[in-house]
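Chain by chain, the residues run as shown.
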Amino acid sequence: MTTPDPSVPLSLTDLAHDSSPGVEAQRAHFLTETVIAWPQDLASPQTPGTDVDVDAGSQGTDDRARSQDADGCRWELWTAPTGGLALADGQVAGGERLGTLTPRERSLTDAELEDGRHLEGFLALELSGVDRPTLEAALTGQLAVAQLRSDRVEVLTGVQIPGVLDALYAEQASVAPLGPRLTADGWEVSLWAPTATRVALQLDGGEHGADSPLPMHRDRAGIWRATGPATGPGSWTGRSYLFEVEVYVPAEDRVLTNLVTDPYSVGLTVDSERSVLVDLTDERWAPPVWEGTPAPRLERPAQQTIYELHVRDFSAGDEALPVELRGTYLAFGHPDSTGTARLRELAQAGLTTLHLLPTYDIATVPELRSRQQQAMIPAGAGPASTDQQAAVGEVADQDAYNWGYDPFHYLAPEGSYATEGHQDGGERIAQFRTMVGELHAVGLQVVLDVVFNHTAHDGQHERSVLDRIVPGYYHRLDLDGVIADSACNSNTATEHAMMRRLMVDAVVLWVRHYRVDGFRFDLMGHHRRQDMVAVREALDALTPEADGVDGTRIYLYGEGWNFGEVADNARFTQATQGQLDGTSIGCFNDRIRDAVHGGSLMDPDPRMNRGFATGLFFTPNELSPDSAEQQRADLLHRTDQIRLSMAGNLKDFELLASTGDTLRGEQLDYNGSPAGFASRPEETVNYVDAHDNETLFDTFVWKLPQDAPMEVRVRLNHLALATVALGQSPAFWASGTDLLRSKSLDTDSYNSGDLVNTIDWTMRDNGFGRGLPSAARNQHLWERQGSMLEDPAKRPTPEQIADSAAMALDLLRLRHSTPLFTLGDAQLIHQKVTFPSSGPEAPPGLLVMRIDDTVGPDADPAVDRLLVVFNSSPEPITEQIAGMAGIDLGLSPIQANGADPVVRETTWDARTGTVGIPAHTVAVLLQHRR
């Protein structure tokens, strides 16, 4: 059925016609054991729920009479165990009537709408006289609601069942054991499949013969179980398995037997074709470096200094490594790895955490290298040639590369990052753990990027798991029963108890059995606040004594974006910016990103708008319609946004704004929304670039004047990173941004292969000019990109890359040289952090942050005060800082002895409290305690 245009009311005749002869749409919503929500637009205008006169005290009243309104409209619930319900001559055929539905006088209750606010205004139809066993049996087949008038069916539509499944099963199923589990008696394998009529375990024959399906037994929670030995003859340990699930599939309108992997798989065969019974406590899969190396610890979340990295980007081009280790888990920590040498430098300077793009089992990369196709990059192609991307495009879906935002199995590591021959069962687990241990040994915590907001596929696709086990439950459906795809794939519904449980169970497993230190949640705003709190509470319950880890130290953050079918809390209270107060869960801060860059990611031309670090107001921009005065006002406003972000982006932090008003963070404007959205500093993650969109270097290629010299580009790259590194919130850098990393201007390199994604840690090549980026996502920009890629002045020399790398290390050293940069407490930030030289008369391009440790409790025993001064303008600035005359400050020893010779030209006149700062420079000045 074609999905109706939501702006056009669907008439009763249209729906009846669309639903004939079968039932396709699912416009009825089974919320509880007795309540079905029915759309008002399908009901007669004469049948509002409040107008129905029901004599609740009458006895012996015929159900059909009670389910009618004054105009003769009534509703019935129909079922067919194997499908086939249809309309024939105005009557339902092919099944049996399960019961009648009576319109309730009151509307849907707050409890019934708790996670379904989009059903506001629906009629509440009540089902009575159907006992639980009958209802459970009906849920294993086809369900439909018929709306009749004058004994003729005018609407027949399918039923969405997640609500009633939760009402019937969630209380028990949410706490019962799930997945493969090794007990004192052996293996227990379990699968939640309450709508299945039969489930069998197809266990491989091992050494003793062919596959032998074993019947599984269902309990009251809708969970099917089977048990077997863990040792001795016939042991299940290490054997692969599938489930045979006999289940009614609405989209097919028939009962199918699906062969499917375990959604709780902890081990897999090559290409995830079968699940494997792996004992995660087996010593074979516990490498010494992992078992014996504790994770680094942080005193407070605000100290988080995060480096985002893709496993393959890290080493695919590392010629110092053996070929078989490139692009694998085992590249991390290898003594010859140039990337590891750089990570060690970063960690010694103050980097605390490595964020890995998805490393759970993904659906898009062939796991054996022998099955991976290689792009044949033509020799001699120019920096703006289309040949390179064409070669990559030919094999893009069969090569070794994808970012991995396409989940397959959430509890098992991805096999393509294991070395050849080690993708099966426990081998990939051991290699993943080796990587974690090596990173801990370097001094870095490990954060996993997790994607619980969608799956790669749904329905009967061979790489769909959840939807082939409980069709229509795990994914979020629109009002017609179509799976939402605002996340670019098949959106999941963690508002449903067992999808939420899968998310919680997965993160707990990764912490307990892999000892990772945090999680970044993709499109976190598609989850409920309540879901994220559930994750937080489950982790907080982990203890060193019982679980080997202190779960309270696990840091959580994610994309708190507000869009899609859940936008503006349309269905529930989302886990978005400003709605996670008190949780200490971080949201990415696009305010500082856009203020530093200028404009936003939605700009039709990235050259149109500039920002604090891209020359706004100071350099001519023929594409900007704004006058010089408008640009000045815009720059001052963006500088306010950066000030607030550097103060933790707190809702209640006060600053003198460019308007002349003293504003709280939540009053400062960001494109019509509050700029400040955090109640604690760790609830904001400051960043200026990430894997998405262009790299920071490439953004500056677009936005800076085309004739800007490379020395200026290097300094402004450093200035942008400093806004993140020297703020009170967790700091986040994309990998290679310290090395001026380019992706040859690719706007979205998720499937662009090694060509543009590989990082050169030797600093000979930053990646600029490796050909035009992929046609699929960039061809509309090729004309502009081509001229830039062909400009040799935009390619940094190895010496310039090395300068940027060394200056970045100084930023990390500065951030961690004093606890004043990471106070970690909102009250301390209010007490100690101020921004002099702000307001409408502030010099454009100047940002001054003062942190005064003489106010409130001491945070640093060695430092009384510090002053951070940014000058993003092309000229030196001399500024008298109010209230600082007589205070003796000096340039931080880190910068005085550091990599940037220009910052050493910074001056401080203690008598007048006047700072002099060179162009395109950030300086940190200190007053040490006496």
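First things first, this report covers the structure right here in the doc. Please read these numbers as outputs of a predicted model, since none were measured by experiment.

**Things to note about the overall build of the protein chain**
Here is step 1 of the chain: Scanning the protein chain for helices and strands turns up 22 helices and 43 strands.
Here is step 2 of the chain: Relative to the compact-globule value of 30 Å for 930 residues, the protein chain shows a C-alpha radius of gyration of 30 Å, a close match.
Here is step 3 of the chain: Seen through its principal axes, the protein chain has C-alpha atoms that stretch 95 × 70 × 55 Å.
Here is step 4 of the chain: By the burial criterion, 62% of the 930 residues in the protein chain qualify as buried.
Here is step 5 of the chain: Within the protein chain, residue pairs in contact and separated by at least 24 positions form 73% of the contacts whose partners lie at least 6 positions apart.
Here is step 6 of the chain: Of the roughly 33500 Å² of accessible surface on the protein chain, a fraction of 49% belongs to carbon and sulfur atoms.

**Structural notes on the packing of aromatic side chains**
Here is step 1 of the chain: Under the counting rule described, the total for this entry stands at 26 aromatic pairs.
Here is step 2 of the chain: Aromatic pair F432 and Y514: ring centres 5.3 Å apart, planes at 80 degrees, arrangement edge-to-face. Pair noted here: F432 is in helix 9 (residues 426–442) and Y514 is in helix 10 (residues 497–514), with a separation of 82 residues, a long-range link.
Here is step 3 of the chain: Here F588 and F732 contribute two aromatic rings whose centre-to-centre distance is 5.0 Å and whose plane-to-plane angle is 90 degrees, an arrangement assigned as edge-to-face. Taken together, the positions of F588 in strand 29 (residues 586–589) and F732 in strand 35 (residues 731–734) put the pair 144 residues apart, joining distant regions of the chain.

**Brief notes about the state of the cysteines**
Here is step 1 of the chain: Inspection of the entire model under this criterion finds zero disulfides.
Here is step 2 of the chain: Of all cysteine sulfurs, the one in C587 lies closest to C488, which takes part in no disulfide; the gap is 19 Å.

**Quick notes on the pattern of salt bridges**
Here is step 1 of the chain: On inspection of all chains with the given rule, the structure shows 57 salt bridges.
Here is step 2 of the chain: The salt bridge involving R225 is made with E188; its shortest N-O contact spans 3.2 Å. Of this pair, R225 sits in strand 15 (residues 223–228) while E188 is found in strand 11 (residues 186–192), placing the two residues 37 residues apart along the sequence.
Here is step 3 of the chain: With a closest N to O distance of 2.8 Å, R607 and D605 form a salt bridge.
Here is step 4 of the chain: Judged by its relative accessible area of 26%, R607 is partly exposed.
Here is step 5 of the chain: Residue classification places D605 among the buried residues on the basis of a relative accessible area of 9%.
Here is step 6 of the chain: When salt bridges with common partners are traced through the structure, they connect K832, D853, D858, D864 and R929 into a single cluster.

**Observations concerning the sheet that holds strand 10 (residues 181–183)**
Here is step 1 of the chain: With antiparallel pairing, the four strands of this open sheet are ordered in space as 10-11-15-14. Edge strands, defined here as strands with exactly one partner in the open sheet, are strand 10 and strand 14 (217–218).
Here is step 2 of the chain: Here strand 10 pairs with strand 11 via three bridges, running antiparallel. Bridge pairing in strand 11 links R181 to E188.

**Concerning the sheet that holds strand 2 (residues 35–38)**
Here is step 1 of the chain: The strand order around the closed barrel formed by seven strands is 1-2-7-6-3-8-9, and the pairing between neighbours is mixed. This sheet shows a mean twist of 35 degrees between the axes of neighbouring strands, independent of strand direction.
Here is step 2 of the chain: Sheet topology note: the strand 2/strand 7 (residues 123–127) ladder contains four bridges and is antiparallel. Considered in strand 7, the bridge of V35 is made with E126.

**Some remarks on helix 20 (residues 798–815)**
Here is step 1 of the chain: For helix 20, with 18 residues, the first-to-last C-alpha span of 26 Å sits near the 26 Å given by 1.5 Å per residue.
Here is step 2 of the chain: When helix 20 is considered as a whole, its buried residues turn out to be Q800, I801, S804, A805, M807, A808, L809, D810, L811, L812, L814 and R815.
Here is step 3 of the chain: Along its buried surface, helix 20 packs onto strand 20 (305–309), helix 7 (338–349), helix 16 (710–725), strand 35, helix 22 (893–896) and strand 43 (921–928).

**Here's the deal with the packing of helix 7 against helix 20**
Here is step 1 of the chain: Put simply, helix 7 and helix 20 touch, their axes get as near as 8 Å, and they point 35 degrees apart. For the pair formed by helix 7 and helix 20, the contact residues are R342, E345, L346 and A349 on the first element and A805, L809, L812 and R813 on the second.
Here is step 2 of the chain: Each residue belonging to the contact of helix 7 with helix 20 can be placed in one class, and the counts come to five nonpolar, no polar and three charged.

**Let's talk about the pairing of strand 17 (residues 254–260)**
Here is step 1 of the chain: Looking at chain direction, strand 16 (residues 240–249) and strand 17 are connected through seven bridges and run antiparallel. Each bridged residue has a counterpart across the sheet, and for V249 the counterpart in strand 17 is R254.
Here is step 2 of the chain: If you look at the hairpin formed by strand 16 and strand 17, you'll find four residues sitting between the two strands, and D253 has a positive phi there, around 50 degrees.

About the cut-offs
Residues numbered from 1 in each chain as written. Predicted model: local features only at pLDDT ≥ 70, side-chain atom pairs only at ≥ 80, totals over all residues. Heavy atoms only, no water. Helix = DSSP H or I, 4+ residues; strand = E, 2+ residues; numbered from the N terminus. Rg over C-alpha atoms; globule rule 2.2 N^0.38 Å. Buried < 20%, exposed > 50% of the residue type's maximum accessible area, 1.4 Å probe, protein only. Contact = heavy atoms within 4.5 Å. Areas by Shrake-Rupley, 256 points an atom, 1.4 Å probe, with all protein chains shown as cover. Phe/Tyr/Trp six-rings, centres within 6.5 Å; stacked < 30°, edge-to-face > 60°. Disulfide = S-S within 2.5 Å. Salt bridge = Lys/Arg side-chain N within 4 Å of Asp/Glu carboxyl O. Pairing = 2+ DSSP bridges. Axes fitted to C-alpha atoms, helices over the stretch in contact; angles between N-to-C directions. Expected span 1.5 Å × (residues − 1). Nonpolar A, V, L, I, M, F, W, Y, C, P; charged D, E, K, R; others polar.

By themselves these figures say nothing about function.
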